[in-house]
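Descriptive analysis of the structure
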Amino acid sequence: MSEPILEMTDVSKRYRTAGFGRGRGGFLAVDGVSLHVGRGEALGLVGESGSGKSTLARMANGLVVPTSGTVRTDGRDVARLGRRGLRRLRRNVAMVFQDPLASLNPRQTVRQTLENVFRAHGETTSTAELVALLESVGLGAHYLERYPHEASGGQLQRVAVARALALKPDLIIADEPTSALDVSVRAQILNLLADLQRDQGISFLHVSHDLAVIRLYSDRVAVMQRGRVVETGPSEEIFRSPQHPCTRALVEATPEAELPARPAGALRGADRACHDRDHDSPNDHPVVSRPEAGATEY
Ligand SMILES: Nc1ncnc2c1ncn2[C@@H]1O[C@H](COP(=O)(O)OP(=O)(O)OP(=O)(O)O)[C@@H](O)[C@H]1O
Ligand SMILES: [Mg+2]
């Protein structure tokens, strides 16, 4: 198997917290996580709120610096990258965030937003190229001259995906890319991401609360609880036979529905089961890791 696009080894992140509340030495948001994303693969990262998913995702492209451990992207140790190396990393690893409206500048048209991505990397672009970029995310050329307030949430998330695609990344990190959107457009965005994985060979690290989404759109799953990965494996297998209590609770709370059109709060029970700090310490249960069929587990 070729080198993974992303490989994290024993990575931890301790946030320095001001004042009182979380004990001395800050708060350990990610605690000794090892995982990888293979080339062309979509890895889903699920877990309760506050389990460290976004922190982990941000360490993958250098937005958050790990306290310890190694992050290798495209075979290079992120901690050893100089300025030019970091720029190249940002080209190779693009991000799509939860709230497209918040992630786009309200004073810039879509054209300006996209042109800025090229400019930031010392490149020029043409209208034809921008139109092709919009078309690749299912938007017509007329969106180029629109401002964010002139488009819907789903259309804006397509723009955010176009922005992520502009520099032809190898890996896209999507952190809850549909949870701010209407249920009716969620599937469209998820299908768009799945098409990009299939047609352009882009790898994905897809963060979601929602195991139903991960099941449909990820090849493999990593389940996080309180800063640790407690279970990994192929999506279908995790669904068929979840081993860790946290995973089991998530699976039991996930409806069989084709799409994430579940009523709000349906996962509340799972959140409780994963969240209960009085018992069920992650240390009480072994980490469950399944090798992929026919592949080497990193
Ligand atoms: N900059 C920061 N400073 C201090 N603590 C932080 C910081 N960012 C996150 N945390 C804390 O680290 C923990 C993990 O946060 P993180 O955002 O990674 O979780 P998450 O799994 O993405 O949660 P959610 O599902 O709600 O998005 C949380 O307890 C959070 O309060
Ligand atoms: Mg998060």
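Anything mentioned here points back to the structure above.
Residues numbered from 1 in each chain as written. Chains lettered and ligands numbered in written order. Predicted model: local features only at pLDDT ≥ 70, side-chain atom pairs only at ≥ 80, totals over all residues. Heavy atoms only, no water.

This part covers the overall build of the protein chain. Secondary structure summary: the protein chain contains 11 helices and 11 strands in total. When burial is assessed residue by residue, the protein chain has 50% of its 298 residues classed as buried. Accessible area of the protein chain: about 14,300 Å², with a carbon and sulfur share of 48%. (Helix = DSSP H or I, 4+ residues; strand = E, 2+ residues; numbered from the N terminus. Buried < 20%, exposed > 50% of the residue type's maximum accessible area, 1.4 Å probe, protein only. Areas by Shrake-Rupley, 256 points an atom, 1.4 Å probe, with all protein chains shown as cover.)

Now for the site of ligand 1. Within the structure, ligand 1 sits among 13 residues, and Ser49, Gly50, Lys53, Ser54 and Thr55 are positioned closest to it. The separation between an oxygen atom of ligand 1 and a polar main-chain atom of Ser51 is 3.2 Å. Here an oxygen atom of ligand 1 sits 2.8 Å away from a polar atom, N or O, in the side chain of Ser54. Notes on ligand 1: free accessible area 630 Å², of which the protein chains cover 66%. Of all the secondary structure elements, the ones that give two or more residues to the shell around ligand 1 are strand E2 (27–37) and helix H1 (53–60). The element that contributes the greatest number of residues to the shell around ligand 1 is H1, accounting for 3 residues. When the residues that make up the shell around ligand 1 are grouped by side-chain class, the tally is 3 nonpolar, 7 polar and 3 charged. (Near = heavy atom within 4 Å. Polar contact = N/O pair within 3.5 Å; in protein donor to acceptor, adjacent residues only side chain to side chain. Nonpolar A, V, L, I, M, F, W, Y, C, P; charged D, E, K, R; others polar.)

Two side chains carrying opposite charge are able to pair once their charged atoms lie near each other. As enumerated under the stated definition, the model contains 11 salt bridges in all. Among the salt bridges present, the one from Arg220 reaches Glu41, with a minimum N-O distance of 2.8 Å. In this pair, Arg220 sits in strand E9 (residues 220–225) while Glu41 sits in the loop between E2 and strand E3 (42–47), placing the two residues 179 residues apart along the sequence. In this structure, Arg220 and Glu41 share a single accessibility class: buried. (Salt bridge = Lys/Arg side-chain N within 4 Å of Asp/Glu carboxyl O.)

Here the focus is the sheet that holds strand E8 (residues 203–207). The strands making up a sheet associate through hydrogen bonds between their backbones, and the pairing can be parallel or antiparallel. Strand order in the open sheet formed by 7 strands is E6-E7-E8-E3-E9-E10-E11, with mixed pairing between adjacent strands. Since the sheet does not close on itself, it has two edges, and those belong to strand E6 (93–96) and strand E11 (288–289), each with one partner. Judged from the 4 bridges that link them, E3 and E8 form a sheet pairing that is parallel. Directly across from Gly44, in E8, lies its bridge partner His206. (Pairing = 2+ DSSP bridges.)

What follows covers the nonpolar core. What tends to happen in soluble globular proteins is that the nonpolar side chains get buried as a cluster. Core analysis: the largest hydrophobic core is formed by 32 residues, its most contacted members being Leu114, Leu134, Val161, Leu165, Ile172 and Leu196. Elements supplying a minimum of two residues to this core: E6, helix H4 (110–120), helix H5 (127–136), helix H6 (153–165), strand E7 (171–175) and helix H7 (183–200). Residues Val11, Met59, Met95 and Leu205 belong to the second largest nonpolar core, which totals 28 residues. (Core = buried A, V, L, I, M, F, W, Y, C linked by side-chain atoms within 4.5 Å.)

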